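Observations on the model geometry
Below, each chain spelled out in residue letters.
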Amino acid sequence: MFVVVWQFEVAEEKVAGFEAAYGPEGSWASLFRTSPNYLGTELLRDAYIAGNYLTIDRWASEADFRAFRKQHDQDYEVLDRACDALTSKETRIGAYTV
């Protein structure tokens, strides 16, 4: 399994939109679901720091993730730009093999 982890800082007034876009049934997951090798997304809200979130996207393998990105790069970039306004900071924590 291959896992990609992102951290986000979200302003209070944008939390609902952020959760709708980045949650397991959100816009990102819908795009990722076009690949049969996408295994799901978790959205974690920090229990102590308001507006702090992690996303964990799971793929069957790194090769599957890379193939998805190559095939859907334009769609990925369009959605990324559309979601820019939902976050004040976005940091890729890392990509891990499990």
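Right, let's walk through the structure included here.

Rules behind the numbers
Residues numbered from 1 in each chain as written. Predicted model: local features only at pLDDT ≥ 70, side-chain atom pairs only at ≥ 80, totals over all residues. Heavy atoms only, no water. Pairing = 2+ DSSP bridges. Helix = DSSP H or I, 4+ residues; strand = E, 2+ residues; numbered from the N terminus. Axes fitted to C-alpha atoms, helices over the stretch in contact; angles between N-to-C directions. Contact = heavy atoms within 4.5 Å. Buried < 20%, exposed > 50% of the residue type's maximum accessible area, 1.4 Å probe, protein only. Arc of directions from axis to C-beta.

Points about the sheet that holds strand β3 (residues 52–59)
- Strand order in the open sheet formed by four strands is β2-β3-β1-β4, and the pairing between neighbours is antiparallel. With partners counted over all chains shown, the strands left at the sheet margins are β2 (38–45) and β4 (89–97), one partner each. Taking each pair of neighbouring strands and ignoring which way they run, the sheet shows an average axis angle of 15°.
- Judged from the seven bridges that link them, β2 and β3 form a sheet pairing that is antiparallel. Paired with Glu42 across the bridge in β3 is Ile56.
- Sitting on the sheet, helix α1 (residues 15–22) is in contact with β1 (2–9), β2 and β3, with an inclination near 160° to β2.

Observations regarding helix α4 (residues 73–83)
- Within α4, burial applies to Tyr76, Leu79, Asp80 and Cys83. Along the long axis of α4, the arc covered by the buried residues comes to 105°, so they all point the same way. Residues of α4 that are exposed and point over 90 degrees away from its buried face: Gln74, Arg81 and Ala82.
- On the buried face of α4, the contacting elements are β1, α1, α2 (27–32), α3 (62–71) and β4.

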